Amino acid sequence: MKKTIYSLFILLVMIFTACGENTKAPVIADIASIQIDDNNLSIYSTDEAQTLTASVTYTDSTTAQINDADIWNNSDYDVLYMYNGSVSAASNGGSSTVGISYGRFSDEINVSVIKLTDFNISSDDINATGDYILEATGTFEDNTSKVIKTNLVWTADNGAVISVDENYVATITILSGDTNVTATLFEETNTSAPLAPITKTYTVN
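About the criteria used
- Residues numbered from 1 in each chain as written.
- Predicted model: local features only at pLDDT ≥ 70, side-chain atom pairs only at ≥ 80, totals over all residues.
- Heavy atoms only, no water.
- Pairing = 2+ DSSP bridges.
- Helix = DSSP H or I, 4+ residues; strand = E, 2+ residues; numbered from the N terminus.
- Axes fitted to C-alpha atoms, helices over the stretch in contact; angles between N-to-C directions.
- Core = buried A, V, L, I, M, F, W, Y, C linked by side-chain atoms within 4.5 Å.
- Buried < 20%, exposed > 50% of the residue type's maximum accessible area, 1.4 Å probe, protein only.
- Contact = heavy atoms within 4.5 Å.
- pLDDT = per-residue confidence, 0-100.

## Thoughts on the sheet that holds strand β12 (residues 130-134)
In any sheet, the strands associate via hydrogen bonds between backbone groups, in a parallel or an antiparallel arrangement.
For step 1, the next point in the chain: A sheet is described by the order of its strands in space; here three strands give the open sequence β12-β17-β16, paired in antiparallel fashion. Both edges of this open sheet fall to β12 and β16 (161-164), since each of them pairs with a single strand only. Strand-to-strand twist across the sheet, computed as the mean angle between neighbouring axes with direction ignored, equals 25°.
For step 2, the next point in the chain: Alignment of β12 against strand β17 (residues 170-174), held across five bridges, turns out to be antiparallel. Across the sheet, residue Ile-133 finds its bridge partner in β17, namely Thr-171.

## Topic: the nonpolar core
One broad rule of soluble globular proteins: the nonpolar side chains tend to lie buried together.
For step 1, the next point in the chain: Phe-119, Leu-152, Trp-154, Ile-172 and Leu-185 are the most contacted members of the largest nonpolar core, which totals 24 residues.
For step 2, the next point in the chain: Taken together, the elements giving at least two residues each to this core come down to β11 (116-121), β12, β13 (136-140), β15 (152-156), β17, β18 (177-185) and β19 (198-204).
For step 3, the next point in the chain: Those residues in contact with Ile-172, other than ones at most four positions away along the chain, are Ile-126, Gly-130, Asp-131, Tyr-132, Leu-134, Ala-156, Ala-160, Val-161, Ile-162 and Val-181.
For step 4, the next point in the chain: Formed by 21 residues, the second largest nonpolar core is a distinct cluster that contains Ile-36, Ala-54, Val-79 and Ile-109.

## Points about the confidence of the model for the protein
For step 1, the next point in the chain: Per-chain confidence: the protein averages 86 in pLDDT, with 82% of residues scoring 70 or above.
For step 2, the next point in the chain: Low pLDDT (under 50) marks residues 2-27, which in the prediction has zero contacts with non-local residues, meaning those over four places away or in another chain.

## Focus on the sheet that holds strand β14 (residues 145-147)
For step 1, the next point in the chain: Strand order across the open sheet formed by three strands is β11-β13-β14, with antiparallel pairing between neighbours. The open sheet has two edge strands with one neighbour each: β11 and β14. Pairs of neighbouring strands in the sheet enclose a mean axial angle of 25°, with direction left out of account.
For step 2, the next point in the chain: Two strands pair when backbone bridges link them, and β11 and β13 are joined in this way by five bridges, in the antiparallel orientation. Each bridged residue has a counterpart across the sheet, and for Asn-120 the counterpart in β13 is Thr-137.

And the structure:
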């Protein structure tokens with residue numbers, strides 16, 4: 001009988017010891033807040049996309065980057081293109097609210113698009129047949145002048161061929177004769193761009 005009681009006691013000790021070990025598993029901290037790392041932002045209407053980032057802060061004061069594309073939202077896709085926190089202008093001016101949301105937590109910033117007020121084709125050295133880089137330079141409402149990267153469509157006649165690479169660099173192959181090169185802004189939503197297309201003629205003998 002004593003052996004039976006002793007064996008039962010040993011068994012109970014082992015069970016409670018095992019339970020005690022399970023309580024040592026690390027506890028995952030709860031979310032305290034989430035936030036967009038950028039403040040209110042202004043972007044030029046013809047610049048390349050800019051990537052925003054977001055962070056989570058836990059109740060133990062640790063932080064981490066948020067990599068979930070589904071948390072992002074955008075109030076006006078007519079003004080702003082957005083994918084996974086990457087934003088670029090969809091129109092020549094305007095503003096949109098970009099936010100993140102996860103459960104009961106959220107944060108948002110305002111993204112304004114700086115309007116282009118004037119532009120011109122700035123490639124002047126095309127004087128023989130061959131390949132050339134096409135560029136357009138614009139002036140914006142804040143009086144900044146810069147090379148136009150996006151939201152620009154190039155066309156040409158006289159058999160000229162235009163290609164645009166992944167870095168938005170346009171190359172034209174010029175043949176003999178008169179070649180009319182046209183630059184059009186926001187071709188898909190040209191009602192948002194009051195600036196008319198511009199054309200420059202290159203003559204090669």
